[in-house]
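Topology and contacts: notes
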Amino acid sequence: MKRQVTRTTTKSLIRSLDRRGTRSNMSPPVAQKGAPIEDPSVCDICGSVYTAKTWRRNRPVPAKMMDAAAWTVCPACKQAKSGKYFGRVLVRGANAMANLDAIRARIANVERRAEFTQPERRIIASQWDGTTLEVLTTSQKLAHRIARELQKAFGGRARYTWSDQDGALTAIWQSDTRTERA
Ligand SMILES: [Zn+2]
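Residues numbered from 1 in each chain as written. Predicted model: local features only at pLDDT ≥ 70, side-chain atom pairs only at ≥ 80, totals over all residues. Heavy atoms only, no water.

Considering the coordination of the zinc ion
At the metal site, the zinc ion is ligated by Cys43 (SG), Cys46 (SG), Cys74 (SG) and Cys77 (SG), and these contacts range over 2.2 to 2.3 Å. For the zinc ion, the four donor atoms in the first shell make angles of 106 to 113° at the metal, so the coordination geometry reads as tetrahedral. (Donors = N, O, S within 2.8 Å, 3.2 Å for Na, K, Ca; no water. Tetrahedral: all angles 85-135°; square planar, octahedral: opposite > 155°, others 65-115°.)

Regarding the pairing of strand β7 (residues 133–137)
Of all five residues that make up β7, four are buried, and the element is covered over most of its length. Bridging between strand β5 (residues 87–92) and β7 involves five bridges; their strand directions are antiparallel. Following the sheet pairing, Leu90 is matched in β7 by Glu134. Here five bridges tie strand β6 (residues 123–128) to β7, and the two strands are oriented antiparallel to one another. Note that in β7 the partner of Ile123 across the bridge is Thr137. Connecting the antiparallel pair β6 and β7 is a turn made up of four residues, with Gly130 showing a positive phi of about 110°. (Buried < 20%, exposed > 50% of the residue type's maximum accessible area, 1.4 Å probe, protein only. Helix = DSSP H or I, 4+ residues; strand = E, 2+ residues; numbered from the N terminus. Pairing = 2+ DSSP bridges.)

A look at unusual backbone geometry
Across residues other than glycine, the phi torsion is negative in most instances, and most of the peptide bonds are trans. At the junction of Asp39 and Pro40, the peptide bond is cis and its omega measures out at 0° in the coordinates. Along the chain, Pro40 turns up in the loop between α1 (7–16) and β1 (41–43). Its identity as a non-glycine residue notwithstanding, Ala52 has a phi of 50°, on the positive side. Looking at the element boundaries, Ala52 is found in the loop between β2 (49–51) and β3 (54–56). A positive phi angle is found at Lys53, which is not glycine, with a value near 65°. Note that Lys53 resides in the loop between β2 and β3.

Quick look at the packing of aromatic side chains
Within the structure shown, the criterion is met by two aromatic pairs. With 5.3 Å between their ring centres and 55° between their planes, Tyr50 and Trp55 make a pair best called tilted. When the centroid spacing of 5.9 Å and the interplanar angle of 50° are considered together, the rings of Phe154 and Trp173 count as tilted. Of this pair, Phe154 sits in helix α6 (residues 140–154) while Trp173 sits in strand β9 (residues 169–174), placing them 19 residues apart in sequence. Taking the relative accessible area as the measure of exposure, Trp173 reaches 1% and is therefore buried. (Phe/Tyr/Trp six-rings, centres within 6.5 Å; stacked < 30°, edge-to-face > 60°.)

What about the nonpolar core?
In terms of nonpolar packing, the biggest core is built from 22 residues, with Val91, Ile103, Ile107, Leu133, Ile146, Leu150 and Trp173 touching the most fellow members. Looking at this core, the elements with two or more residues in it are β5, α5 (100–117), β7, α6 and β9. By residue number, the principal contributor to this core is α6, which donates seven residues. Sequence-distant contacts of Ile103, that is, excluding residues within four places in its chain, are made with Val91, Asn95, Ala96, Leu133, Leu150, Phe154 and Trp173. (Core = buried A, V, L, I, M, F, W, Y, C linked by side-chain atoms within 4.5 Å. Contact = heavy atoms within 4.5 Å.)

Here's the deal with the pattern of salt bridges
Should the charged atoms of two oppositely charged side chains come close, the side chains can pair. Taken as a whole, this structure holds five salt bridges when the rule is applied. For Glu149, the salt bridge is made with Arg113, and the minimal N-O distance between the two is 3.7 Å. Of this pair, Glu149 sits in helix α6 while Arg113 sits in helix α5, placing them 36 residues apart in sequence. A relative accessible area of 8% means that Glu149 is categorised as buried. (Salt bridge = Lys/Arg side-chain N within 4 Å of Asp/Glu carboxyl O.)

Focus on α5
An α-helical segment advances 3.6 residues per turn. Residues three or four places apart therefore align on the same side. With 18 residues, α5 ought to run about 26 Å at 1.5 Å a step, and its terminal C-alpha atoms sit 27 Å apart, in line with that. Buried within α5 we find Leu100, Ile103, Ile107, Val110, Glu111, Ala114 and Glu115. Looking down the long axis of α5, one finds its buried residues gathered within 135° of arc, a one-sided arrangement. Of the residues in α5, the exposed ones pointing more than 90 degrees away from the buried face are Asp101, Arg112 and Phe116. Among the structural elements, β5, α4 (94–98), β6, β7, α6 and β9 are those in contact with the buried residues of α5. (Expected span 1.5 Å × (residues − 1). Arc of directions from axis to C-beta.)

Structure representation (structure tokens):
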């Protein structure tokens, strides 16, 4: 198997990423698929560490590894930067507003658990517009898990649709009017 090491490309890409930029650019992230990531690498934005083919977050990094590591931007931060999401959760229903704090806490909890093993699965935006809570995630699996957990905790019904346009998953959780179970 051929492996191309294109450091220059990676470096110039990183340089072109402005960390403090807005998320107004909705274009997809620069294609980096298949580009080799150096082992170890540290994400310049969130501190996730890439080693043994896996990104991990919130792990202490030995100083030696830090010295040897290449600085890069992890997939989740690249997505967050561009505003590109692959999963979306819509929370709706009569009970949603009444239980917004509990629902938000539950969603944060699901994200924390996912993040521990899969830091690239992350929430990139969350917005309540008065009737609907919209949560954008970097992964479809995380969106699915959030909707499933909400259904488990609060009842109601989750359903799933995929966009014809870009294949992103929308998970719609409709809270019902039954007595809350959590
Ligand atoms: Zn990162």
